[in-house]
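Report on the structure
One letter stands for each residue in the lines below.
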Amino acid sequence: MKLYSTNNPNHIVDLQEAVFKGLPPDNGLYMPTVIPKLPSAFFDTIENKSIQEIAFEVCKALFVGSISDNDIHTIIQKAITFTAPAVHVENNIYSLELYHGPTLAFKDFGARFMAQLMAYFLGKKNNNINILVATSGDTGGAVASGFFKTDGINVTILYPSGKVSASQEKQLTTLGHNITALEIDGTFDDCQKLVKTAFLDSDLTQKVNLSSANSINIARLIPQSFYYYASYAQLKKLGKPIVYSIPSGNFGNICAGMIAQKMGLPVHHFVASVNANDTFVQFLNTGTYLPKPSVATLSNAMDVGNPSNFVRINELFNKEFGVIKNHVSGYSFDDKVTQNSIREIYNRTGYMMDPHGAVGYLGLMKYLNTQKENLTGVFLHTAHPAKFVDTYEPDMKPKVEIPKALSDLENKQKVSIKMKNDFNVFKSFLLQ
Ligand SMILES: *Cc1c(COP(=O)(O)O)cnc(C)c1O
């Protein structure tokens, strides 16, 4: 497998380099030079395959010349240890539940796969690395859990003191072993700045082998395509074209679906569902891409004003606006509408949605209402409702079931290192 930079098609690297660098030096994003088509026989029998078997075929096609079949198999067995059920909600509507991993959100797919891929490449070199991550909440937990006890990898997570939810903080600070939580006296932007400064400090990078676990890493994108195929395997028997609605922030999740479609997955249409951060929807409406500062919403994992993966989507469709519009529609919903829909769906069907999934549901319904054809609708349900129970209205809160993985966290002891927002302090910490 080879990858190029979206800023320079002549800058080509192998998979290992793309995974450890994360970003090309020219600030583009890595994209595969070839997106192979899966054989039609794969789709003919897909309903008999598990998500692990599907993931194996997808990786085998992509990773040609980079990883042996045996090693791909091992990586998938270790990373993909949970399923993605497409649960019937009403009429032709299904919820693709992506929250059955250890941190109850879809980022487990990407984080666990990246950890195994890195461990595999490191094992071959007998090397050690230090991963730095700044988090505003969700990503840190998934990365911490994904890399927990992975040989040769130390993870340092920086989070803004007092600015993540109680359960998010516990997910970051209770693992120990190779995971260190730095509680920074500052904002998420300060944390991000410390990490960026570390990567630019050549004295530091010569002495310590640093890497990132950024969400734009290709190793996090690829595994996010597995569950699109897995949902098709479950819903194919209905015999209707499938529409996917994706609650989107940085647009990595939807981009993975578009790659699956390029590899041959039958997708009728995509819906990009967003909260008040509607840069992409405005782009679809006007043809102009105008990033703006993010605003805070209930579905805070999607509070992104300048989605990084917009560049990749443009690349997938040869930067042709008309082609993009044919493949994807976009709708934006405010917090009030989102909260109302959670209550309304719960009262009508008994199904509980988290605020991100609810945005996905709303976008799906809005699109389907414009269509005459008989379609199957799937919204990606990206987090367990219990993760966002703080955002529910008082009458709804008690109705949210708290899974054991989350309630167990309450009894665990938080361990963090408090640190001033000061690069020199951070640097000497990394050098010890
Ligand atoms: C990260 C996240 C999203 C947004 O996914 P993108 O790939 O950034 O578009 C949606 N929902 C939840 C729960 C998330 O954690």
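Before going into details, it helps to say that this report is about the structure given with it. (Residues numbered from 1 in each chain as written. Predicted model: local features only at pLDDT ≥ 70, side-chain atom pairs only at ≥ 80, totals over all residues. Heavy atoms only, no water.)

**Here's the deal with the overall build of the protein chain**
Scanning the protein chain for helices and strands turns up 19 helices and 14 strands. Computed over C-alpha atoms, the radius of gyration of the protein chain comes to 21 Å, within 12% of the 22 Å expected from 2.2 N^0.38 for 432 residues, which places it in the range of a compact globule. In terms of principal-axis extent, the alpha carbons of the protein chain reach across some 65 × 55 × 40 Å. For the protein chain, with 432 residues in total, the buried portion stands at 57%. (Helix = DSSP H or I, 4+ residues; strand = E, 2+ residues; numbered from the N terminus. Rg over C-alpha atoms; globule rule 2.2 N^0.38 Å. Buried < 20%, exposed > 50% of the residue type's maximum accessible area, 1.4 Å probe, protein only.)

**Examining helix 16 (residues 335–349)**
Counting along an α-helix, one turn takes 3.6 residues, and residues three or four places apart therefore face a common direction. Look at helix 16: 21 Å from first C-alpha to last across 15 residues, which is about the 21 Å you get at 1.5 Å a residue. Taken residue by residue, helix 16 has Thr-338, Gln-339, Ser-341, Ile-342 and Ile-345 as its buried positions. Buried residues along helix 16 cover an arc of 160 degrees about the axis, so they all sit on one side. Elements that come into contact with the buried residues of helix 16 comprise strand 4 (86–90) and helix 17 (355–368). The backbone nitrogen of Lys-336 has a side-chain oxygen 3.2 Å away, supplied by the residue at the start of helix 16, namely Asp-334. Backbone geometry just downstream of helix 16 places Gly-350 in the positive-phi region, at approximately 85 degrees. (Expected span 1.5 Å × (residues − 1). Arc of directions from axis to C-beta. Contact = heavy atoms within 4.5 Å. Polar contact = N/O pair within 3.5 Å; in protein donor to acceptor, adjacent residues only side chain to side chain.)

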